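One letter stands for each residue in the lines below.
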Amino acid sequence: MKYWDLTREISPESVPYPGDPPVVFTAETEIERDSFRLRNLSFSSHIGTHIDAPAHVFSEGKCLNDFPLEIFIGPATIFKLGKVRPKTAITREMLELFSESFQETFQECSHLLFSAQWDGDFFEDAPFFTLEAARWLVGKAQLLLIGFDWPSPDEFGDEDLPIHREFLRHDLLFVENLTNLETLPTQFQFTSLPLSLQDAEGAPCRAIAFSNNYVE
């Protein structure tokens, strides 16, 4: 069995999305003084590798605990875009070409991940989905969850969040800020269990991939 850790570590050096609160770790006790170590952790529910729920953008939207666990676990495939230009738009045509190239694999997978590398600012220059691409994805009944190694499905600066809204109004959840995706094979099992938080509109998760058919 081969495992891949796809989760960004949360630390005081973690850079939050512009405008979000910083990560703060505060030592409450020390081993030398108190015989045990305990820290107070302060960060947003959308720090690092995390999952968005409909309640993030809809006042009556579902929270993460409203979804069954099988949403977060399942067979997956990956669309590797490789090196792309800053602010690359992921279009419906790109998705259709991908699904044609891996037709049988794509149809068998309930989870679809996206990987890209780009020069420039991690937030401002990240790829994003067009509305037509988002609608194409929500129209695929077998898809339960998607994920990507950039910070948002929307173009940076679009405060209306149309892609968030398109995915989440159809209960298509997504994982933001994955990592190490370029190392994955074409098919694998994917798990991204969020923290169990009350009324979670989003939550950090531990995302991993694994395969018992992997050959180096």
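Everything discussed here concerns the structure shown above.
The present account deals with the structure reproduced in this document. (Residues numbered from 1 in each chain as written. Predicted model: local features only at pLDDT ≥ 70, side-chain atom pairs only at ≥ 80, totals over all residues. Heavy atoms only, no water.)

Attention now goes to the overall build of the chain. Counting secondary structure elements, the chain contains 5 helices and 12 strands. Computed over its C-alpha atoms, the radius of gyration of the chain comes to 18 Å, within 12% of the 17 Å expected for a compact globule of 216 residues. Each principal axis of the C-alpha atoms in the chain carries an extent, and together these give about 60 × 45 × 35 Å. Across the chain, the fraction of contacts at a sequence separation of at least 24, relative to all contacts at a separation of at least 6, is 75%. For the chain, the accessible area works out to roughly 11300 Å², and carbon and sulfur atoms hold 49% of it. Of note, the chain has its 16 positive side-chain charges centred 3 Å away from the centre of its 35 negative side-chain charges. (Helix = DSSP H or I, 4+ residues; strand = E, 2+ residues; numbered from the N terminus. Rg over C-alpha atoms; globule rule 2.2 N^0.38 Å. Contact = heavy atoms within 4.5 Å. Areas by Shrake-Rupley, 256 points an atom, 1.4 Å probe, with all protein chains shown as cover. Lys, Arg positive; Asp, Glu negative; His and termini not counted. Charge placed at Lys NZ, Arg CZ, Asp CG, Glu CD.)

Next up on the list: the environment of Leu 81. Along the polypeptide, Leu 81 turns up in strand β5 (residues 73-83). In this structure, Leu 81 is in contact with Ile 90, Met 94, Phe 114, Ser 115 and Ala 116, ignoring residues within four places of it in sequence.

Per the counting criterion, the structure on display carries 17 aromatic pairs. Both rings, one in Tyr 17 and one in Phe 156, keep their centres 5.9 Å apart while their planes meet at 45°; by these two values the pair is tilted. With a gap of 139 residues between them, Tyr 17 in the loop between β1 (2-5) and β2 (24-29) and Phe 156 in the loop between β9 (145-148) and α5 (162-169) connect regions that are remote in the sequence. We classify Phe 156 as partly exposed; its relative accessible area is 27%. Between Phe 79 and Phe 114 the ring centres are 5.9 Å apart and the planes differ by 55°, which places this aromatic pair in the tilted class. Of the two residues, Phe 79 is situated in strand β5 and Phe 114 in strand β7 (residues 111-117); the sequence distance between them amounts to 35 residues. Among the residues examined, Phe 114 registers a relative accessible area of 0% and is labelled buried. Each member of the aromatic cluster is reached from another via a ring pair, and the members are Phe 79, Phe 98, Phe 102, Phe 106, Phe 114, Phe 129, Trp 136, Phe 148, Trp 150, Phe 167 and Phe 174. A cation over a ring is seen here: Arg 165 above Phe 58, with NZ or CZ 5.7 Å from the ring centre. (Phe/Tyr/Trp six-rings, centres within 6.5 Å; stacked < 30°, edge-to-face > 60°. Buried < 20%, exposed > 50% of the residue type's maximum accessible area, 1.4 Å probe, protein only. Lys NZ or Arg CZ within 6 Å of the ring centre and 35° of its normal.)

The next point concerns the pattern of salt bridges. On inspection of all chains with the given rule, the structure shows 6 salt bridges. One salt bridge connects Arg 33 with Asp 34, and the closest N-O pair in it is separated by 2.9 Å. Taking the relative accessible area as the measure of exposure, Asp 34 reaches 25% and is therefore partly exposed. The salt bridge involving Lys 83 is made with Asp 119; its shortest N-O contact spans 3.3 Å. Of the two residues, Lys 83 sits in strand β5 while Asp 119 sits in the loop between β7 and β8 (128-129), which places them 36 residues apart along the sequence. (Salt bridge = Lys/Arg side-chain N within 4 Å of Asp/Glu carboxyl O.)

Grouped together as the largest cluster of nonpolar side chains are 51 residues, with contacts concentrated most on Leu 6, Phe 114, Leu 137, Ile 146 and Phe 190. In contact with Phe 114, other than residues within four places in its own chain, are Phe 79, Leu 81, Leu 95, Phe 129, Leu 137, Ile 146, Gly 147, Phe 148, Asp 149, Trp 150 and Leu 181. (Core = buried A, V, L, I, M, F, W, Y, C linked by side-chain atoms within 4.5 Å.)

As a further point, take the side chain of Thr 179. Along the chain, Thr 179 falls in the loop between β10 (173-176) and β11 (187-194). Accessibility expressed as a relative area gives 19% for Thr 179, which makes it buried. Each residue touching Thr 179, except ones within four places of it in the same chain, is listed here: Asp 5, Leu 6, Thr 7, Arg 8 and Asp 149.

On to the pairing of strand β12 (residues 202-211), then. With respect to burial, β12 is a largely interior element, 7 of its 10 residues being buried. As paired elements, β1 and β12 share 4 bridges and run antiparallel to each other. What sits directly across from Asp 5, in β12, is Ile 208. Summarising the sheet, strand β4 (residues 50-52) and β12 pair through 3 bridges and their orientation is antiparallel. Bridge assignment links His 50 to a residue of β12, and that residue is Pro 204. Judged from the 6 bridges that link them, β11 and β12 form a sheet pairing that is antiparallel. Its bridge partner lying in β12, Ser 192 is registered against Ala 207. (Pairing = 2+ DSSP bridges.)

Working note: a packed helix pair is described by the angle between its axes plus the distance between those axes. Running from amino to carboxyl end, helix α4 (residues 131-138) crosses α5 at an angle of 10°, the nearest separation of the two axes being 9 Å. By the angle class used here, α4 and α5 are roughly parallel. In this structure, α4 uses Leu 131, Ala 134, Arg 135, Leu 137 and Val 138 to contact α5, whose residues at the interface are Pro 162, Ile 163, Glu 166 and Phe 167. (Axes fitted to C-alpha atoms, helices over the stretch in contact; angles between N-to-C directions. Parallel < 35°, antiparallel > 145°, perpendicular 65-115°, else oblique.)

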